[in-house]
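# Descriptive analysis of the structure
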Amino acid sequence: MSNHLMCTYAPLPVAFVRGEGAWLWDENGKRYLDAISGLGVCALGHAHPALARVISEQASTLIHTGNLFRIPWQETLADRLAAITGMERVFFGNSGAEAIECALKITRLMGHQKGIDNPGVVVMDHSFHGRTMAALSATGNRKVQAGFEPLVSGFVRAPFNDFEAIETIAQRNHDITAVLLEPIQGEAGIRVPEPGFLAKLRALCNEQGWLLIVDEIQSGLCRTGRWYAHQHEEIRPDILTTAKALANGLPIGACVARGPAADALSPGSHGSTFGGNPLVSRAACTVLDIMEADQLPERAAAAGDRMMTAFHQRLGSHGGVRDIRGKGLMIGIELEVEANALKNRAMERGVLLNITQNRVIRLLPPLIIDDEQVDEISDVVCTLVEEFG
Ligand SMILES: *Cc1c(COP(=O)(O)O)cnc(C)c1O
């Protein structure tokens, strides 16, 4: 282990040397079934041959020119994202947090245009929006913020899935310009709001002249059985952030907007050196092509149903299980007790999973998993939970 890395992570003592589809191999040749995909990033699995070919071809043609010049692959990618989301314009950064920063900067600009000196954004308890200063200030988790004060101001907090609380804020606070939320909260332990919550928020935003911003960084790109999770509700946001799976592991994040929010930024008001370079943009175009050709929204929905059915059958009445929830292949199993030890036990049995909020088993497998792999993951997870007590 190197002593020259800052201590931001506590990695498990295993390193992988190669992958193929949903499989990973470690240094000793042991094989693992990946049920976390690098936190929802490798939706197409590892070493996807068509994607690898395109990345290699583009890397040996042109990686970067900077946004001083037109980048045709970035334009193609923006067109594709606009078509998939029904939105109008895209800004490309290199991470989820940067997509959030862009969205928040748009809310500030638009607030000032309306004559509001201190424009505010309603954010949700237990949310996660990233680790940059504004993103961590928007985040509803003290652990992410502690020690980094002063936080960026202008965030008003509400409980997730509590429409009345947000209505009350609307009545009392006249400086609000936007609501920012995850359609399904990821880091919070896969929290799914009740049906209709987003649609009610959409109506409130229309009434108040607020922007509705959906953070789809984890829930987007086919993971929940739709291209984007908010599409389960037949609504359109004003701004959408997307990242993780967009280039299947190359760094990219995008802020997608429509209406006035799409035209808020102007030359010189925002930018990114690497953002949307030819390599990552072309990779992302290929990811979207593959997702469409392989019908991954439908695949994620079917595989997710299969996994969920298995969990309900075997764990539904288990005393140690508090809740089983999720949509598509974004699944959480909340246990009654702290369960961090399950990570290592799963690894011993050749399955990689994640624990969030100390007692929620979080599963974000690659969307290309087949039924046999779904069954193997379900079986190992159920057995581990049963043995855990
Ligand atoms: C991962 C995540 C982020 C932050 O993305 P980074 O690429 O790590 O900056 C923001 N919002 C949500 C919902 C996420 O899951």
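Residues numbered from 1 in each chain as written. Predicted model: local features only at pLDDT ≥ 70, side-chain atom pairs only at ≥ 80, totals over all residues. Heavy atoms only, no water.

## As for the overall build of the protein chain
This is how the line gets drawn: Numbering of helices and strands runs from the N terminus; a helix is a DSSP stretch of H or I covering at least four residues, while a strand is a stretch of E covering at least two. Based on C-alpha atoms, the radius of gyration is set beside the globule rule, defined as 2.2 Å times the residue count to the power 0.38. Each residue is assigned to one of three classes by its accessible area relative to the maximum for its type, calculated with a 1.4 Å probe on protein chains only: buried under 20%, partly exposed between the two thresholds, exposed over 50%. Any pair of residues with heavy atoms lying within 4.5 Å of one another is described as a contacting pair. A 1.4 Å probe and the Shrake-Rupley method give the accessible areas. Residues count as covered only by the protein chains that appear here. For the purpose of charge, His is not counted, nor are the chain termini; Lys and Arg are scored as positive and Asp and Glu as negative. To locate a charge, take atom NZ for lysine, CZ for arginine, CG for aspartate or CD for glutamate.
Looking only at helices and strands, the protein chain has twelve helices and 15 strands in total. A globule of 389 residues ought to have a C-alpha radius of gyration of about 21 Å, and the protein chain, at 21 Å, matches this closely. Taken over the C-alpha atoms alone, the protein chain extends approximately 60 × 55 × 45 Å along its principal axes. Looking at the protein chain as a whole, 54% of its 389 residues qualify as buried. A separation threshold of at least 6 residues defines the contact pool for the protein chain, and within that pool the share at least 24 residues apart is 71%. Per element, the accessible surface of the protein chain, about 17400 Å² overall, is 51% carbon and sulfur. Averaging the positions of the 35 positive and the 45 negative side-chain charges in the protein chain gives two centres separated by 2 Å.

## Some thoughts on the pattern of salt bridges
Note the cut-off: By definition, a salt bridge exists where a carboxyl oxygen of Asp or Glu is found within 4 Å of a side-chain nitrogen of Lys or Arg.
The final tally for this structure, using the stated rule, is 21 salt bridges. Here Arg142 makes a salt bridge to Glu149, at a shortest N to O gap of 2.7 Å. Taking relative accessible area as the criterion, Glu149 reaches 40% and is therefore assigned partly exposed. Of the charged contacts, one joins Asp323 and Arg325 as a salt bridge, the two residues approaching to 2.9 Å between their closest N and O atoms.

## Points about helix H2 (residues 49-59)
The cut-off we apply is this: Note: the arc covers the axis-to-C-beta directions of the helix.
For H2, the complete set of buried residues consists of Leu51, Val54 and Gln58. With its buried residues spanning 65° around the axis, H2 presents them on a single face. Looking at H2, the residues exposed on the side facing more than 90 degrees away from the buried face are Pro49 and Arg53.

## Concerning the site of the ligand
Basically, it comes down to this: Here a residue is near a molecule or strand as soon as one of its heavy atoms is found within 4 Å of it. N or O atoms within 3.5 Å of each other form a polar contact, as long as, within protein, one can give a hydrogen and the other can take it, and as long as residues adjacent in sequence are counted only when both atoms are side-chain atoms.
Around the ligand lies a shell formed by Ser95, Gly96, Ala97, Phe128, His129, Gly130, Glu182, Asp215, Ile217, Gln218 and Lys244. Backbone polar atom of Gly96 to an oxygen atom of the ligand: 2.8 Å apart, as the coordinates give it. Within the side chain of Asp215, one N or O atom sits 2.7 Å away from a nitrogen atom of the ligand. Here the ligand loses 81% of its free accessible area of 380 Å² to cover by the protein chains.

## Comments concerning helix H11 (residues 341-348)
Within H11 the residues assigned to the buried category are Leu342, Ala346 and Met347. One side of H11 carries all its buried residues, which in axial view fall inside an arc of 140°. As for H11, its buried residues are in contact with strand E3 (31-34), strand E12 (330-335), strand E13 (351-352), strand E14 (354-356), strand E15 (360-363) and helix H12 (371-388). After H11 finishes, the residue Gly350 shows a positive phi value of roughly 80°.

## Considerations on the sheet that holds E12
Applicable threshold: Strands are labelled as partners when DSSP assigns at least two bridges between them. Here, axes are lines fitted to C-alpha atoms. For helices the fit covers the stretch in contact, and angles between N-to-C directions go from 0 to 180 degrees.
The antiparallel open sheet is built from four strands, whose spatial order is E11-E12-E15-E14. Of all strands in the sheet, those bounded by a partner on one side alone are strand E11 (321-327) and E14. Pairs of neighbouring strands in the sheet enclose a mean axial angle of 25°, with direction left out of account. Strand direction decides the pairing type here: E12 and E15, joined by four bridges, are antiparallel. The residue bridging Glu334 from the neighbouring strand is Val360, located in E15. Contacts from helix H10 (residues 296-315) reach E11, E12 and E15 within the one sheet, and its direction differs from that of E11 by about 170°.

## Observations regarding the sheet that holds E13
Taken in spatial order, the four strands make up an open sheet running E1-E2-E3-E13, and their pairing is mixed. Every interior strand has two partners, whereas the edge strands, strand E1 (16-20) and E13, have only one. Bridge analysis of strand E2 (residues 23-26) against E3 gives three bridges, and the strand direction is antiparallel. Across the sheet, Leu24 pairs through a bridge with Tyr32, a residue of E3. Sitting on the sheet, H12 is in contact with E2, E3 and E13, with an inclination near 95° to E3.

## Describing the environment of Val179
Looking at where Val179 falls in the secondary structure, it is placed in strand E7 (residues 176-181). The exposure class assigned to Val179 is buried, which follows from its relative accessible area of 0%. Along the backbone, Val179 and Ile166 are 13 residues apart, and their C-alpha atoms lie at a distance of 9.0 Å. With sequence-adjacent residues up to four places away left out, Val179 is seen in contact with Val121, Val122, Met124, Leu201, Cys205, Trp210, Leu211, Leu212 and Ile213.

## A short note on the pairing of strand E8 (residues 211-215)
We count it as follows: Assignment of crossover handedness uses the view with strands pointing away from the viewer, where a clockwise path from the first strand over the helix to the second indicates a right-handed crossover.
Of all five residues making up E8, five are buried, and the element is well covered by its neighbours. Of the two faces of E8, the one lined by Leu211, Ile213 and Asp215 and the one lined by Leu212 and Val214 are each fully buried. Pairing between E7 and E8: four bridges, direction parallel. Within E8, the position partnered with Leu181 by the bridge is Val214. This β-α-β element, E7 to helix H8 (residues 197-208) to E8, shows right-handed connectivity. With three bridges connecting them, E8 and strand E9 (residues 239-242) associate as parallel partners. Paired with Ile213 across the bridge in E9 is Ile239.

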